[in-house]
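In case you want the letters, here they are:
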Amino acid sequence: MFFVDTLEFEGLGNRSYLVGGARAAVAVDPPRDVDQVIAAAAKRGVCIAYVAETHVHNDYITGGLELARITGASYLVPAAAHVSFARTPVADGDTVTVDEGLVLRALATPGHTPHHTSYVLEEDGRGAAAFTGGSLLIGTVGRPDLVEPRLTEELARAQHASAHRLADELDDEVPVLPTHGFGSFCSSSQAEGDATTIGRERTANDALTLYVDTFVAEMLAGLDDVPAYYAHMGPANAAGPAPVDLTPPGRADAGEIAARLAAGEWVVDLRSRTAFAEGHVAGSFNFENDGKLATYLAWLIPWGKPVTLLADTPERIADAQRELARVGIDRPAAAATGDPAAWIREGERLASFPRARFADLAEVRGRGEEVVVLDVRRDSERAAGHVEGAVHVPVHELYGRLDEVPSGTVWVHCAGGMRAAIAASLLDAAGRAVVAVDDGFDAAREAGLTVTRP
């Protein structure tokens, strides 16, 4: 018998796995904060004999090198991956014995990257689980455009071939256990569900149901924006990430917060968008700790810019610090918790701005008031329909394009409210009058607003 423990990282839309038998296990695509993997192994009472990477990741910093160092495990990395550290190179067909009756076999599945490798767990000689990384995902495959633009079409074709190889070599009942695809931007599209098998993918995955030319054309047409921080992840992983440091940051008082803002540093308020709108430090930005914090903060912040975190509790600071470390934002410059009134100096006042629904926007327009409507969704979302007359600047571009937003009160919206809150905080910090539309986009048409397509 074998076990598979899933470690889920909702903020980044990824999963890691610990799989093994009675005495030993292998960690697949571990996160930067390896203490979780070590705790999972301790709970199972097994040693980590191997750490396996499916590829050099573009969307998060791996903990593989550090986990192998701490545990003494062999570090399995695709032989064709260009890395600057010692590892155990694995090529197609290589095997390692994880525990009695359990063998891990490397299966070359290029496409997400040229060197991408899946791992098939075999129990007594039969395929029992497939760890597919960024190859075969749930209802889709990993995107092929993160390595080199000139390779994108070639890698898309390789994804199609790799998916077919997995389907040809494995039985229908074999579980497919990918790393990406649960909200990760490494997925070429988003599919529903959180579990699948080879058999299900045969009938539901475009890579296995479409001819290669059709598959490639549709995939390339549907590729979305690439988060800016991805450019830093691959090189960091290839060089060998430093151990993570999760010790608490120093405490910032009101004077230090003001000084850091004056120096052009980022002060990030992790509280809910409701609480932020009601009262916040002027000049601070709102990235909800419960949203996709690491993805959007890492996407928007100028890389290397010091960041100070504000939250209601120390626990929220710790959670955010852990999540940000996974994308290479290693050490907050400082932090503050508690009552926001303590984050400002004597004589200062907290800033605020109103929140609204699409129905409120319809009412304002109905009265003939001139307002700016700012749509901060991605291009692919806007293509499905937008509020007539809305200005469009995706949230991940807004910080550098604030001067393109027309004068007047800005009613900013996204698809659900989280990104609108980020955008509203950026505009508010720039001195603009802003209203954050905290509503689902479906409500726009219901409110009587005209929704058109480009």
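Residues numbered from 1 in each chain as written. Predicted model: local features only at pLDDT ≥ 70, side-chain atom pairs only at ≥ 80, totals over all residues. Heavy atoms only, no water.

Q: Hey, could you run me through the overall build of the protein in this one?
A: Looking only at helices and strands, the protein features 16 helices and 23 strands. Radius of gyration (C-alpha) of the protein: 24 Å, near the 22 Å computed for a compact globule of 454 residues. Seen through its principal axes, the protein has C-alpha atoms that stretch 70 × 50 × 35 Å. By sequence separation, contacts in the protein at least 24 residues apart represent 68% of the contacts at least 6 residues apart. Of the roughly 18400 Å² that the protein leaves accessible, carbon and sulfur atoms contribute 49%. (Helix = DSSP H or I, 4+ residues; strand = E, 2+ residues; numbered from the N terminus. Rg over C-alpha atoms; globule rule 2.2 N^0.38 Å. Contact = heavy atoms within 4.5 Å. Areas by Shrake-Rupley, 256 points an atom, 1.4 Å probe, with all protein chains shown as cover.)

Q: In this structure, what is going on with the nonpolar core? I would like to understand it.
A: One broad trend across soluble globular proteins is that nonpolar side chains are buried collectively. Of all hydrophobic cores here, the largest spans 53 residues; its most connected members are Trp266, Phe287, Tyr296, Leu300, Leu374 and Leu398. Beyond its immediate chain neighbours, meaning those up to four positions away, Phe287 contacts Trp266, Val268, Asp269, Leu270, Leu293, Tyr296, Leu297, Leu300 and Ile422. Grouped together as the second largest cluster of nonpolar side chains are 22 residues, Phe3, Val46, Ala73 and Phe85 included. (Core = buried A, V, L, I, M, F, W, Y, C linked by side-chain atoms within 4.5 Å. Buried < 20%, exposed > 50% of the residue type's maximum accessible area, 1.4 Å probe, protein only.)

Q: Honestly, helix H8 (residues 254-262) in this entry has me stumped. Any pointers?
A: Since the α-helix turns once every 3.6 residues, residues separated by three or four places project in the same direction. Along H8, the positions that sit buried rather than exposed are Ala254, Ile257, Ala258 and Arg260. Viewed along the axis of H8, the buried residues span an arc of 165 degrees, placing them on a single side of the element. For H8, the secondary structure elements touched by its buried residues are strand S13 (266-269), strand S15 (307-311) and strand S16 (334-337). Of the residues trailing H8, Gly264 is marked for its positive phi of about 85 degrees. (Arc of directions from axis to C-beta.)

Q: What exactly am I supposed to notice about the sheet that holds strand S20 (residues 391-392) here?
A: Pairing is parallel in the open sheet, where five strands are placed in the order S17-S22-S21-S18-S20. What marks the edges here is a single partner per strand, and that holds for strand S17 (355-356) and S20. As paired elements, S17 and strand S22 (residues 434-437) share two bridges and run parallel to each other. Looking across to S22, one finds that Arg355 is bridged to Ala436. This element, helix H12 (residues 358-366), spans S17, strand S18 (372-375), strand S21 (410-413) and S22 of the sheet and lies at about 150 degrees to S21. (Pairing = 2+ DSSP bridges. Axes fitted to C-alpha atoms, helices over the stretch in contact; angles between N-to-C directions.)

Q: Help me understand the packing of aromatic side chains in this model?
A: The relation between two aromatic rings is expressed through the spacing of the ring centres and the mutual angle of the planes. Under the defined criterion, the tally for this structure stands at eleven aromatic pairs. On the numbers, 5.7 Å between centres and 15 degrees between planes, the contact of Tyr296 with Trp299 is stacked. In this pair, Tyr296 and Trp299 both sit in helix H10 (residues 293-300), three residues apart, roughly one turn of the helix. Geometrically, the ring pair formed by Phe358 and Phe441 is edge-to-face, given 6.0 Å between the ring centres and 85 degrees between the ring planes. Taken together, the positions of Phe358 in helix H12 and Phe441 in the loop between S22 and helix H16 (442-446) put the pair 83 residues apart, joining distant regions of the chain. (Phe/Tyr/Trp six-rings, centres within 6.5 Å; stacked < 30°, edge-to-face > 60°.)

Q: Is there a simple way to think about the pattern of salt bridges in this case?
A: Proximity of charged atoms lets side chains of opposite charge pair with each other. Under the defined criterion, the tally for this structure stands at 40 salt bridges. We note a salt bridge from Asp171 to Arg126, for which the minimum N-O separation is 3.0 Å. Placement of the pair is Asp171 in the loop between helix H3 (152-169) and strand S11 (175-178) and Arg126 in strand S10 (residues 126-133), with a sequence separation of 45 residues. Asp290 is the salt-bridge partner of Arg316, the closest N and O atoms lying 3.3 Å from each other. With Arg316 in helix H11 (residues 314-325) and Asp290 in the loop between strand S14 (285-286) and H10, this pair connects stretches of sequence that are 26 residues apart. With a relative accessible area of 65%, Asp290 lands in the exposed category. Among the charged side chains, a salt-bridge network with shared partners connects Asp92, Arg105, Glu122, Arg165 and Glu169. (Salt bridge = Lys/Arg side-chain N within 4 Å of Asp/Glu carboxyl O.)

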